[in-house]
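As a plain string of letters, each chain reads:
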Amino acid sequence: MLRMNHLSKVYRTHMIETHALRGFDIHVKEGEFVAVTGPSGSGKTTFLNIAGLLEEFTDGTYLLDGVEVRGLNDDQRSRLRNEKIGFIFQGFNLIPDLNLFDNVDVPLRYRGLNAAERKRRIDDSLGKVGLGSRSKHFPSELSGGQQQRVAIARALAGSPRLLLADEPTGNLDTQMARGVMELLEQINAEGTTIVMVTHDPELAARAARNVHIVDGQVSDLVHPAQPVRPVAVATAASAR
Amino acid sequence: MFAYYFKLGLRSLRRNPVLTALMVLTLAVGVATSMSTLTVLRAMSGDPIPSKSDRLFVVQVDNQPAETPEGEPPTAHLSWIDARELLEAGDGLRRTAMYAVGGVAEPEGEAGNLLVNGLAVGADFFPMFDVPFRHGGPWSAEADARGGTEVVLSAAFAERLFGDEDPTGRRLRIFEREFVVTGVLAPWQPMPKFYWLIGGNNRFGETEDVFIPLQTAIANESNPNGNVNCSGDGPEPGYTGLLNSECVFMQYWVELADAGERTAYRERLGAYVEGQKALGRLPVGERSRLLDVREWMVEQDVLGDDTILQTLLALGFLLVCVVNTIGLLLAKFTAHAGEIGVRRALGATRTQVFQQYLVQAGVVGAAGGLVGLGLTFGGLWLLARQSEEVAAVAHMNPVMLMATLAVAVVAAILAGLLPTWRACKVVPAIQLKTQ
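Residues numbered from 1 in each chain as written. Chains lettered and ligands numbered in written order. Predicted model: local features only at pLDDT ≥ 70, side-chain atom pairs only at ≥ 80, totals over all residues. Heavy atoms only, no water.

Asks: Looking at this structure, how should I read the overall build of chain B?
Replies: When its secondary structure is counted, chain B shows 16 helices and 11 strands. Its C-alpha atoms give chain B a radius of gyration of 30 Å, more than 25% over the compact-globule value 22 Å for 435 residues. A principal-axis box enclosing the C-alpha atoms of chain B has dimensions of 95 × 55 × 35 Å. By residue count, 53% of the 435 residues in chain B fall in the buried class. (Helix = DSSP H or I, 4+ residues; strand = E, 2+ residues; numbered from the N terminus. Rg over C-alpha atoms; globule rule 2.2 N^0.38 Å. Buried < 20%, exposed > 50% of the residue type's maximum accessible area, 1.4 Å probe, protein only.)

Asks: Any chance you could explain helix α12 (residues 337–345) of chain B here in plain terms?
Replies: Given 3.6 residues per turn, any residue in an α-helix points the same way as the ones three and four places further on. All names here are of chain B. The element α12 is extensively covered by neighbouring structure, given that nine of its nine residues are classed as buried. When we look at burial in α12, the residues that qualify are Ala337, Gly338, Glu339, Ile340, Gly341, Val342, Arg343, Arg344 and Ala345. Downstream of α12 by one or two residues, Gly347 has phi in the positive range, about 120°.

Asks: Sorry if this is basic, but what is going on with a nonpolar patch on the surface here?
Replies: Residue and element names in this part refer to chain B. A cluster of nonpolar side chains, namely Leu25, Val29, Phe317, Val320, Val371 and Leu375, defines an oily patch on the protein surface of about 450 Å² accessible area. Taken together, the elements giving at least two residues each to the nonpolar patch come down to α2 (17–45), α11 (305–335) and α13 (350–384). Along the chain, Val320 falls in helix α11. (Patch = residues over 30% accessible without salt bridge, like charges linked within 9 Å, V, L, I, M, F, W, Y side chains within 5 Å. Areas by Shrake-Rupley, 256 points an atom, 1.4 Å probe, with all protein chains shown as cover. Salt bridge = Lys/Arg side-chain N within 4 Å of Asp/Glu carboxyl O.)

Asks: Any chance you could explain the packing of aromatic side chains here in plain terms?
Replies: A ring pair, where both rings are aromatic, is described by two values, the distance of the centres and the angle of the planes. Applying the stated criterion across every chain yields a total of 21 aromatic pairs over all chains. Consider the rings of Phe194(B) and Tyr195(B), whose centres lie 6.1 Å apart with planes at 85°: the pair is edge-to-face. Overall, Tyr195(B) belongs to the buried group, its relative accessible area being 0%. Through pairs of rings, three or more aromatic residues link up here, namely Phe125(B), Phe126(B), Phe129(B), Phe133(B), Trp139(B), Trp188(B), Phe194(B), Tyr195(B), Phe211(B) and Trp253(B). The lysine or arginine in question, Lys136(A), covers the ring of Phe101(A), its NZ or CZ lying 4.8 Å from the ring centre. Here Arg385(B) stacks its cationic end above the ring of Trp381(B), 4.5 Å away from the centre of that ring. (Phe/Tyr/Trp six-rings, centres within 6.5 Å; stacked < 30°, edge-to-face > 60°. Lys NZ or Arg CZ within 6 Å of the ring centre and 35° of its normal.)

Asks: Got a minute to help me understand the pairing of strand β10 (residues 248–255) of chain B in this structure?
Replies: In regular strands, side chains alternate between the two faces of the sheet. All names here are of chain B. Among the eight residues in β10, eight count as buried, and that is most of the element. Here strand β1 (residues 56–60) pairs with β10 via three bridges, running antiparallel. Paired with Phe57 across the strands is Val254, a residue of β10. Of the strand pairs in this sheet, strand β2 (residues 78–79) and β10 are connected by two bridges, and their pairing is antiparallel. For Ser79, the partnering residue across the bridge sits in β10 and is Val248. In this structure, strand β3 (residues 94–105) lies alongside β10, joined through five bridges in antiparallel fashion. Within β10, the residue paired with Arg94 across the bridge is Glu255. (Pairing = 2+ DSSP bridges.)

Asks: Mind showing me how you'd approach the interface of chain A and chain B here?
Replies: Frequently, the measure chosen for interface size is the accessible area removed from exposure when the parts meet. The interface of chain A with chain B comprises 23 residues on the first partner and 25 residues on the second. The largest per-residue losses of area from chain A upon contact with chain B belong to Asn93(A), Arg109(A) and Tyr110(A), which jointly make up 29% of the total buried on that side. Across the chain A-chain B interface, the total number found is four salt bridges. A salt bridge links Arg344(B) to Asp74(A), with the shortest nitrogen-to-oxygen separation between them at 2.8 Å. Here chain A is connected to chain B by eight residue pairs in polar contact (both at pLDDT 80 or more). Looking at the side of chain A that touches chain B residue by residue, the classes come out as nine nonpolar, five polar and nine charged. (Contact = heavy atoms within 4.5 Å. Buried area = accessible area lost by both parts, 1.4 Å probe. Polar contact = N/O pair within 3.5 Å; in protein donor to acceptor, adjacent residues only side chain to side chain. Nonpolar A, V, L, I, M, F, W, Y, C, P; charged D, E, K, R; others polar.)

Asks: Would you take a moment to explain the nonpolar core for this structure?
Replies: One recurring pattern in soluble globular proteins is that nonpolar side chains are buried together. Counting residues in each nonpolar core, the largest one holds 161 residues, and the members touching the most others are Phe47(A), Tyr62(A), Tyr99(B), Phe125(B), Phe129(B) and Trp253(B). The element that contributes the greatest number of residues to this core is α13(B), accounting for 11 residues. (Core = buried A, V, L, I, M, F, W, Y, C linked by side-chain atoms within 4.5 Å.)

Asks: Explanation requested: the pattern of salt bridges in the structure shown.
Replies: When their charged atoms lie close together, side chains carrying opposite charge are able to pair. Per the stated rule, a full pass over the model turns up 39 salt bridges over all chains. Its salt-bridge partner being Arg109(A), residue Asp105(A) comes within 2.8 Å of it at the nearest N-O pair. Of the two residues, Asp105(A) and Arg109(A) are both situated in helix α3 (residues 100–111); the distance of four residues between them amounts to about one turn of the helix. Here Arg109(A) falls in the buried class, since its relative accessible area comes to 18%. For Arg262(B), the salt bridge identified is with Asp292(B), shortest N-O distance 4.0 Å. Within this pair, whereas Arg262(B) is found in helix α9 (residues 262–278), its partner Asp292(B) is found in strand β11 (residues 289–292), the two being separated by 30 residues in sequence.

Encoded structure:
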């Protein structure tokens, strides 16, 4: 589903060169639920942005669902993002002056679907997250957990192959976080690949596989049953 | 997607009401200022008779004395001597000399007499200038020749005297003579009143009350009701003295079959001038010329420097408003950076973001246009207070109404180009993290 080989990302200013990712290797198989952990500044978000085609990388290769991403122009990347990827953000990132229906409608508009098909998908995905009856409400009228459910519905409406979640429960209390996590597990069980960045070891433990990033490299790839153990040399081969 | 962007644009108006109100008001004031002056400019500079403005000519025969400085334009008016000669020569498809007459009308049954403004013209005047008739028609060429006592009334004057009744054939005493009404004009008010621009400040005013045959006015010794300019020692005493003098008070128009005949007519005019020179007249007659309707309006400075300056200032003000709108749109779109990041993450291309925000700028422009339309009416009302001349043309028409809206939308889109370009350059990764 997602394969990065020897990928690097360097931020350059006229004085400083920062290596956010270096020799980064990862392979996420279709249907996997992968949790990405690591300390602040380790490169988790950079990895997620590159995986979501929101940022370009400096070197290496990235195959998304078999498509070589390097060399795609902005329009092609936007279309690929729209068709293959769903995003869930820590801050929900709903558009405040659109109601739930219109928020979920956003990616479908860019897909160019007709009105009937869009309505069917919006109703389905809002129903799936338990908010079918509140489609005319605005985000400010919902709790944090409900807003995150809307964000999940928006991500699901486009039937993405890959769901990228950046601290999806970071702004939620324990009970709401549990609810969101159960929803993600259910989505994964239905076949959607999920890559989730989290600081929460408990949440990470619920993923099928953990990837630990340190200093822009994959430090270790472990099953949650095993302890996370940093190693000196990053290798993706151990995960395969 | 346009309908979607338009809907989002309407919604965005509500998002920052104060900022939106500022933008709409800024645009509205700029558009209203420029459109109210442009409305006046357009009315003043428009072609009053587009179907034949290139083949209707004012003939200027310059009878100024020999010592007239070089570069001096020929006199706008003609002497009766030249007008009569040109009429008798009969060149062109149609022709008329004319001069303003004034006097008193003594209508039957009216409590008192009425002052009337009139124009003494040839019968060709009416078809030449496409004058519309409500009742009857012009007098005949035969009446022209014999100096008949036929009269044509303006719509307003006929209504004042006879109400809705058709007065054709009725008798009316004006200028101390009995006239028979042969026709009543339909409402007719060319803007500007190009056929009679000289000798008054009524260039955008109403049509004359009455039109009488030129020969009748001459025979009746009706004095010119306007400027009479004489060079040298001036005329001999009496009306005949005026007619036989070099005093100018007549205007002469000729209609040619097509614009291409201009050169031929100009040659015939040259030949006439040469003939008169041989008789000891027209020492600077070689300056004589033909001017078509548009040239004539420029020559007579119909537009006026004040109007042009006012329009330029108003357009400059619109530019200032557009620049201000750029700043306000930048502020508005910067506040949308987070939403732009989300839309980009959800699959919007840069082009789609550009289109969305440009449409949004257009919606602001449309709102500004609607408010500006109201302000334009106010602006025209204020302009109309300047003078009667401006009041006559300071009216909104459907073309200018649509133009007002279009100018507002175009101005807003132009103002929106830079903010929109910056909006589509938003880096989604940064915005999503800072949301």
